[in-house]
Amino acid sequence: MKGLSDVYLQQLKTSLAAMLQYRASLVIWLIGNILEPLIYLVVWSTVSRSSGGSVGGFAEKDFAAYYIALLLVNQVTYTWVMYEFDYRVRQGTFSSALLHPVHPIHSDIADNISSKVVSFPFVLAAAAALSAIFHPAFRTTAVTVAFFIPALALAFLVRFLVEWTAALAAFWTTRVNAINQIYFISALFLSGQIAPLSLLPPPLRVVAMFLPFRWTIGFPIELILGRLTRAQILTGLAVQVVWLLAALALLRILWRASVRKYSAVGA
Amino acid sequence: METGPTIRVRDLKKIFVVSRREAGIREALASLVHRRMEEIPAVDGISFDLAAGEIVGFLGPNGAGKTTTLKMLSGLLYPTSGELSVLSHVPWKREKSFLRQITLVMGQRNQLVWDIPAADSFELNRAIYHIPSADYRQILEELTGLLELGPLLSKPVRNLSLGERMKCEIAVALLHRPSVVFLDEPTIGLDVTMQRRIRSFITEYNRRYGATVLLTSHYMADVEALCKRVIVIHHGKLLFDGELAALVHRFTAHKTIAVQLRDCDADLSVYGEVISCEDGRATLRVPKSETARVTERLLVDLPVIDLTVEDPPIEEVIERVFAQEAV
């Protein structure tokens, strides 16, 4: 365990150093991350205003709160491994990681965290600025914050493990982009990004319950906004834990199979 | 305690199955329906042993199966059949205890992070391989000395020259002091001075740590300087395994006689095949069995100033090995 924490520490330092070499791209990428929720926020605010001040229980200030929370939650949980894997497998850079006596997921997690450490202050500042402009209505209490922290941590882990597992598709097909596309479109609708899930048609809401997306984004947002009952919060946390365990098990199995495939056809 | 050989390979095979398709739109459409699969034996039943501490040259033309073999030995590729053990481990299982004892250096396997100084990548590998701090400082100092890394370590890797980068790649691959080292073309693209530095480094590493080294190279100078023993493969099959000197002996039916005369007026073709003659400096190729007789005749018949008898350059020998194929 001590050895692994040393790997994390060094990977954090390495990633930080590498990232700071590219300050310009960091800024561009940050702008993108902030713009996306801002667009949804403006669209939904307009819709809400034009339909008499509220849509499906969301007033303008509720949308503001929802999308400012989305900005922060997405910032913490998002990954880029699905893009990266394709490149790694095609360029053969995976061989290097396979010969290290440490599972490659660890350096990816550390790399992800270090990127967040750098960008988080900026996203926080953006959230503060948006709050000043849009006056969000947060009904956050100390209790919701106490539940929000584990929910956010679980959301990060579930999203990371699910996307890392999905990224393994790169070992099996060269059409990874198509798979990524399907994944991201599904996530866009079913995680609560494009709209709060309560605004979706009921069948889609049911689908969302049984897929991992909601538990990585929508659930922690609804929680911090104070829109969930205590029972809903506890159920949500339990579902996150189930997804975490399921993703871990699936990752283990698929990782082995993928590496076997990789080493059969030529690394 | 190790009992058997450090590396043991028996009847090792790797067959790749690839889809084959002729050029053209008709073929492209046909391949949608029926894909013709073809088996390519990259490594076709080779066997050899390496004892601890040996440096062995692994030779063969492009596509002979060298890299495929190195990948199987290091655990990146799963063999189709045959037996394989390295340090009593089955490589493809990639057990941590195995990975900590080996290294593979190859052109496309870059361990250094491009945008940051090599020293940072070294630190990362220290953590990955659990190298105790004291050991790390010592080996880093040694590697820095042997490879003259000093000023390079603090520069971003992307600002290093090819040779400088290769030195750093070799160093980062050896930080954990592996006892088995696989080197795939460690000197490719480097200038002669750098090649020599890397060569002497490999010798020194092998001497200090008793590491077993298997290396491929297209530069025969590497092989001559480093390897007493060579293994030659071609089309995935083993052609030769033995001392370099024996390879030369076996595959050269000729020797080269260089004579310094006053001019090139004499007809030298009666002595052997004249390869060149310029300003009285002639090079003759003669059958090995004739060497002594021809030398004697040259000395008697002509006003010879100087005469040397040499084996043909190793490149020529290797070329001949691949041309003959049958041993």
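Draft legend 1. Representation of the overall build of chain A within the structure. The helix and strand inventory of chain A stands at 12 helices and 2 strands. When the elements of chain A are put in sequence order from the N terminus, they spell out α-α-β-β-α-α-α-α-α-α-α-α-α-α. Taking 18 Å as the expected radius of gyration for a compact globule of 267 residues, we find that chain A reaches 19 Å, a close match to that expectation. Overall, chain A is about 60 × 40 × 35 Å in size when its C-alpha atoms are taken along their principal axes. Split into buried and exposed, the 267 residues of chain A put 39% on the buried side. For chain A, the share of sequence-separated contacts (at least 6 apart) that also reach a separation of at least 24 residues comes to 82%.

Draft legend 2. The arrangement of the overall build of chain B in detail. For chain B, the count of helices and strands is 11 helices and 13 strands. For chain B, the spread of C-alpha atoms along the principal axes amounts to about 70 × 60 × 45 Å. Here chain B holds 327 residues, and 39% of them are scored as buried. Contacts in chain B between residues far apart in sequence, at least 24 positions, make up 70% of those at least 6 positions apart.

Draft legend 3. Spotlight on the sheet that holds strand 2 (residues 36-50) of chain B. All names here are of chain B. On the basis of which strands lie adjacent, the open sheet formed by 3 strands has the order 2-1-4 and antiparallel pairing. The open sheet has two edge strands with one neighbour each: strand 2 and strand 4 (81-86). Here the average twist between neighbouring strands, direction ignored, is 30°. Here 5 bridges tie strand 1 (residues 7-20) to strand 4, and the two strands are oriented antiparallel to one another. If you follow Arg-10 over to strand 4, its bridge partner there is Glu-83. The strands touched by helix 2 (residues 66-74) within the sheet are strand 1, strand 2 and strand 4, with strand 1 carrying the most contacts at an inclination of about 120°.

Draft legend 4. Region of the structure containing the interface of chain A and chain B. Residue-level contacts link 24 residues of chain A with 27 residues of chain B. Of all the elements in the fold, those that place two or more residues in the side of chain A that touches chain B are helix 1 (2-20), helix 5 (94-98) and helix 12 (230-265) of chain A. The leading source of residues in the side of chain A that touches chain B is helix 1 of chain A, at 9 residues.

Draft legend 5. Fine view of the packing of helix 3 (residues 60-77) of chain A against helix 6 (residues 104-134) of chain A. Residue and element names in this part refer to chain A. With their axes 10 Å apart at the nearest point, helix 3 and helix 6 run at an angle of 180° to one another. Compared by their axis directions, helix 3 and helix 6 come out roughly antiparallel. Across the interface between the two elements, Ala-64, Ile-68, Leu-71, Leu-72, Gln-75 and Val-76 from helix 3 touch Lys-116, Ser-119, Phe-120, Val-123, Ala-126, Ala-127, Leu-130, Ser-131 and Phe-134 from helix 6. Residues belonging to the contact of helix 3 with helix 6 are distributed by class as follows: 11 nonpolar, 3 polar and 1 charged.

Draft legend 6. The arrangement of the nonpolar core in detail. The biggest cluster of nonpolar side chains holds 78 residues, and the ones touching the most others in it are Val-56, Ile-170, Ala-171, Val-172, Leu-175, Val-213 and Val-230 of chain B. Looking at this core element by element, the count peaks at 7 residues for helix 6 (residues 162-174) of chain B.

Draft legend 7. A look at the sheet that holds strand 8 (residues 229-234) of chain B. Residue and element names in this part refer to chain B. Spatially, 5-6-7-3-8-9 is the arrangement adopted by the 6 strands of the open sheet, whose pairing is mixed. Strands at the two margins of the open sheet, each flanked by one partner only, are strand 5 (102-106) and strand 9 (237-243). Geometrically, the sheet is characterised by an average inter-axis angle of 15° between neighbouring strands, direction not taken into account. Here 4 bridges tie strand 3 (residues 55-59) to strand 7 (residues 212-216), and the two strands are oriented parallel to one another. Counted as the bridge partner of Phe-58 is Thr-216 from strand 7. Helix 9 (residues 244-251) contacts strand 8 and strand 9 of the sheet and is inclined by roughly 115° relative to strand 9.

Draft legend 8. Inspection of the domain arrangement of chain B at higher detail. Per the domain assignment, the segments of chain B are domain 1 (52-81 + 90-248) and domain 2 (253-310). One C-alpha centre belongs to domain 1 of chain B, the other to domain 2 of chain B; they are set 42 Å apart.

Draft legend 9. Up close: the pairing of strand 5 of chain B. With 5 of its 5 residues buried, strand 5 of chain B lies for the most part within the structure. Of the two faces of strand 5 of chain B, both are covered, the one formed by Ile-102, Leu-104 and Met-106 of chain B as well as the one formed by Thr-103 and Val-105 of chain B.

Draft legend 10. Spatial organisation of the environment of Leu-157 of chain A. Relative to the elements of secondary structure, Leu-157 of chain A occurs in helix 7 (residues 142-167). Sequence separation of Leu-157 of chain A and His-100 of chain A is 57 residues, and the distance between their C-alpha atoms is 23 Å.

Criteria and thresholds
Residues numbered from 1 in each chain as written. Chains lettered and ligands numbered in written order. Predicted model: local features only at pLDDT ≥ 70, side-chain atom pairs only at ≥ 80, totals over all residues. Helix = DSSP H or I, 4+ residues; strand = E, 2+ residues; numbered from the N terminus. Rg over C-alpha atoms; globule rule 2.2 N^0.38 Å. Buried ≥ 20, exposed ≤ 12 C-beta atoms within 10 Å, placed from the backbone. Contact = placed C-beta atoms within 7 Å. Pairing = 2+ DSSP bridges. Axes fitted to C-alpha atoms, helices over the stretch in contact; angles between N-to-C directions. Parallel < 35°, antiparallel > 145°, perpendicular 65-115°, else oblique. Nonpolar A, V, L, I, M, F, W, Y, C, P; charged D, E, K, R; others polar. Core = buried A, V, L, I, M, F, W, Y, C linked by C-beta atoms within 7 Å. Domains from an automatic or database assignment.

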